[in-house]
Amino acid sequence: MRSARRLSSTPPYVFATLDGKIARLREQGVDIIRLDIGSPDGPPPEAVVRALARSASDPGKHGYAGYAGTPALRAAMVHYYRQRFGVVLDTASQVLPLIGSKEGIAHLAMAWLDPGDVALVPDPGYPTYAASVALAGGQAYTMPLRADRQWLPDLAAIPEAIARRARLMWLNYPNNPTGATAPLSYFEEAVAFCRRHDILLCHDAPYADVGYDGYRAPSVLQVAGADDVAVEFNSLSKSHNMAGWRVGMAAGNAIAIGALAQLKTNIDSGHFLAIQDASVAAFQTPVSWIDQRNAVYQARRDALLPVLVDDLGLETATPSAGLYLWPRVPRGTTSAEFADRILAETGVSLTPGSAFGACGEGYLRISLGQTTERFMMAVERLRGMRL
Ligand SMILES: *Cc1c(COP(=O)(O)O)cnc(C)c1O
């Protein structure tokens, strides 16, 4: 017996491997503080949980829900784009609920790529972009992200022959893992590039509402005419602390959304209606709730930064959005060695930048998504480390 050959091109998801290592250390009695996983630690807004309970106790809410989301949920998504970004979307054709944005990201490759088609993916980057391209039989072409270019791909460096064969491009700002943001002017450049080469521009934006010091991330769909070539993925996971609920969305280009919707009718049967009702409530959350939650992350960021920079001497930028710090490891060591050393000496688990691609080598990703009590304990352990 053997599994499909296509699985050999997809390594096990990095965090699945790390889970095993941490489980073994915990069995030995080591108290591990996980700052490696990008999952919000806080609860969702109370109104969301109440809406779920109310809806779940309605006997009429337990059947199949249809494929495209309830009219109320689609309207809430359209309303969110108008309120938050000033972007007007067509409710019937330009939004689609996803079972978490990861599901949509992975399925998009299958809906859009033929075998051998090129997809442009950032390195370092969220591993699902390249993995889903490989599963679809496509060919991922790496766009390196570098500090000296503010972690924005150099579109002029993409060879003409590659651009001609490319069928989609992934971007992700605020960025995981680097913590970088993109100005609207960069999205304008990317839209123009993709229009010129007939490439579907896929922007993954789950951290759009996780910003600091008053920063508010733009949407790629704010670029005039963007929906001719662009689709944006968004999610309640990070914006509303609802990672386990699996509610994401695709918005923008109607052809891409139609293709994704068609594929999905063959694969899943939508969300539990009570989850859709609760998601409508999530979209009605006052901005003050988002601001207060972001202030909690910002305080953690501000507690950790001086320890990384002053106590450990690690060059680290101050992120204005997202859930991560991205310090540089000392010269002469790899990011995996350094992460292992920190884990062994302090019990604090971080992600080596190399887990996000070869260009992530030399950096570590540290997540702010851990309870403040445990996070501060990790900060103290790191402060006591001798380099
Ligand atoms: C967390 C994350 C996602 C996945 O979000 P879900 O909606 O929970 O599937 C997608 N992209 C990036 C870059 C992420 O960090």
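Residues numbered from 1 in each chain as written. Predicted model: local features only at pLDDT ≥ 70, side-chain atom pairs only at ≥ 80, totals over all residues. Heavy atoms only, no water.

### What to know about the overall build of the chain
Reasoning step 1: Looking only at helices and strands, the chain features 13 helices and twelve strands.
Reasoning step 2: Taken against the 2.2 N^0.38 rule, which gives 21 Å for 387 residues, the C-alpha radius of gyration of the chain at 21 Å falls within 12% of a compact globule.
Reasoning step 3: Here the chain holds 387 residues, and the buried ones make up 53% of them.
Reasoning step 4: If you take every contact in the chain between residues at least 6 apart in sequence, the share linking residues at least 24 apart comes to 74%.
Reasoning step 5: Surface accessibility of the chain: about 16700 Å² in total, with carbon and sulfur atoms responsible for 54%.
Reasoning step 6: Between the mean site of the 36 positive side-chain charges and the mean site of the 37 negative ones, the chain shows a separation of 3 Å. (Helix = DSSP H or I, 4+ residues; strand = E, 2+ residues; numbered from the N terminus. Rg over C-alpha atoms; globule rule 2.2 N^0.38 Å. Buried < 20%, exposed > 50% of the residue type's maximum accessible area, 1.4 Å probe, protein only. Contact = heavy atoms within 4.5 Å. Areas by Shrake-Rupley, 256 points an atom, 1.4 Å probe, with all protein chains shown as cover. Lys, Arg positive; Asp, Glu negative; His and termini not counted. Charge placed at Lys NZ, Arg CZ, Asp CG, Glu CD.)

### Looking at helix H3 (residues 71-85)
Reasoning step 1: The end-to-end C-alpha distance of H3 is 21 Å, a good match for the 21 Å that 15 residues give at a rise of 1.5 Å each.
Reasoning step 2: Buried within H3 are the following residues: Leu73, Arg74, Ala76, Met77, Val78, Tyr80, Tyr81, Arg84 and Phe85.
Reasoning step 3: Positive backbone phi, at 70°, marks glycine 86, one or two positions downstream of H3. (Expected span 1.5 Å × (residues − 1).)

### A few points about the sheet that holds strand S12 (residues 364-367)
Reasoning step 1: If you trace the three strands from one edge of the open sheet to the other, you get S9-S12-S11, paired in antiparallel fashion. Of all the strands in the sheet, just strand S9 (324-325) and strand S11 (351-352) have a single pairing partner and so form its edges.
Reasoning step 2: Bridge analysis of S9 against S12 gives two bridges, and the strand direction is antiparallel. Within S12, the residue paired with tyrosine 324 across the bridge is serine 367.
Reasoning step 3: Its contacts with the sheet put helix H12 (residues 335-346) on S11 and S12, and the angle it makes with S12 is roughly 45°. (Pairing = 2+ DSSP bridges. Axes fitted to C-alpha atoms, helices over the stretch in contact; angles between N-to-C directions.)

### Focus on the domain arrangement of the chain
Reasoning step 1: Each assigned domain of the chain is listed with its residue range as follows: domain 1 (5-43 + 288-383) and domain 2 (46-283).
Reasoning step 2: Relative to domain 2, the C-alpha centre of domain 1 lies at a distance of 25 Å.
Reasoning step 3: For the pair domain 1 and domain 2, the two sides together bury roughly 2800 Å², of which 58% comes from carbon and sulfur.
Reasoning step 4: At the junction of domain 1 and domain 2, the tally comes to one salt bridge.
Reasoning step 5: A salt bridge links arginine 301 to aspartate 213, with the shortest nitrogen-to-oxygen separation between them at 3.1 Å.
Reasoning step 6: At the boundary of domain 1 with domain 2, the tally comes to 17 residue pairs in polar contact (both at pLDDT 80 or more). (Domains from an automatic or database assignment. Buried area = accessible area lost by both parts, 1.4 Å probe. Salt bridge = Lys/Arg side-chain N within 4 Å of Asp/Glu carboxyl O. Polar contact = N/O pair within 3.5 Å; in protein donor to acceptor, adjacent residues only side chain to side chain.)

### Structural notes on the pairing of S12
Reasoning step 1: Burial along S12 is two-sided: Leu364 and Ile366 and Arg365 and Ser367, pointing in opposite directions, are all buried.
Reasoning step 2: As defined by bridge partners, S11 adjoins S12 across two bridges and the pair is classed as antiparallel. Residue pairing across strands places proline 352 opposite leucine 364, the latter belonging to S12.

### What about helix H11 (residues 287-311)?
Given 3.6 residues to a turn, an α-helix orients residues that are three or four positions apart in the same direction.
Reasoning step 1: Over its 25 residues, H11 extends 36 Å from the first C-alpha to the last, a length consistent with the 36 Å expected when each residue adds 1.5 Å.
Reasoning step 2: Among all positions of H11, only Ile290, Arg293, Asn294, Tyr297, Gln298, Arg300, Arg301, Ala303, Leu304, Leu305, Val307 and Leu308 are buried.
Reasoning step 3: Count one or two residues on from H11 and you reach glycine 313, which has phi positive near 70°.

### Side note on the nonpolar core
Reasoning step 1: Judged by nonpolar contacts, the single largest core of 59 residues is most densely connected at Tyr81, Leu120, Ile158, Met169, Phe193, Leu201 and Leu221.
Reasoning step 2: Listed by contribution, the elements that provide at least two residues to this core are helix H2 (46-56), H3, strand S3 (118-123), helix H6 (160-165), strand S5 (166-171), helix H7 (184-197), strand S8 (248-252) and helix H10 (273-283).
Reasoning step 3: Ranked by the residues each element gives to this core, the list is headed by H3, at seven residues.
Reasoning step 4: Looking at this core, you find at least three residues from each of domain 1 (5-43 + 288-383) and domain 2 (46-283).
Reasoning step 5: Not counting chain neighbours up to four residues away, the residues in contact with leucine 120 comprise Tyr141, Met143, Ile158, Ile162, Ala166, Leu168, Met169, Trp170, Phe193 and Ile199.
Reasoning step 6: Leu35, Leu305, Leu314 and Phe375 belong to the second-largest nonpolar core, a separate cluster that totals 29 residues. (Core = buried A, V, L, I, M, F, W, Y, C linked by side-chain atoms within 4.5 Å.)

### Some words on the sheet that holds S8
Reasoning step 1: Strands sit in the order S2-S8-S7-S6-S5-S3-S4 across an open sheet of seven strands; the sheet is mixed. Only two strands of the sheet have a single neighbouring strand rather than two, namely strand S2 (95-98) and strand S4 (139-144). Strand after strand, the sheet turns through a mean of 20° between neighbouring axes, direction not considered.
Reasoning step 2: Both S2 and S8 contribute to a ladder of four bridges, which runs antiparallel. Bridging across to S8, leucine 98 finds its partner in glycine 248.
Reasoning step 3: Along the sheet face, helix H9 (residues 254-265) touches S2, strand S6 (200-204), strand S7 (230-235) and S8 and points at about 35° away from the line of S2.

### Quick word on unusual backbone geometry
Reasoning step 1: The residue after aspartate 123, namely proline 124, is reached through a cis peptide bond having omega 0°.
Reasoning step 2: Of note, proline 124 is situated in the loop between S3 and helix H5 (127-135).
Reasoning step 3: Of the consecutive residues asparagine 176 and proline 177, the connecting peptide bond is found in the cis state with omega at 15°.
Reasoning step 4: Its place among the elements puts proline 177 in the loop between S5 and H7.

### So, the packing of H2 against H10
Reasoning step 1: Viewed as axis vectors pointing N to C, H2 and H10 meet at an angle of 150°, and their least axial separation amounts to 8 Å. When the interaxial angle is binned, H2 and H10 end up roughly antiparallel. When the axes of H2 and H10 are compared, the crossing they make is right-handed. Mapping the contact onto sequence places Ala47, Val48, Ala51, Leu52, Ser55 and Ala56 in H2 and Leu273, Ala274, Ile275, Asp277, Ala278, Ala281 and Ala282 in H10.
Reasoning step 2: Tallied by class, residues from the contact of H2 with H10 come to eleven nonpolar, one polar and one charged. (Parallel < 35°, antiparallel > 145°, perpendicular 65-115°, else oblique. Left-handed = near helix turned anticlockwise from the far one by under 90°. Nonpolar A, V, L, I, M, F, W, Y, C, P; charged D, E, K, R; others polar.)

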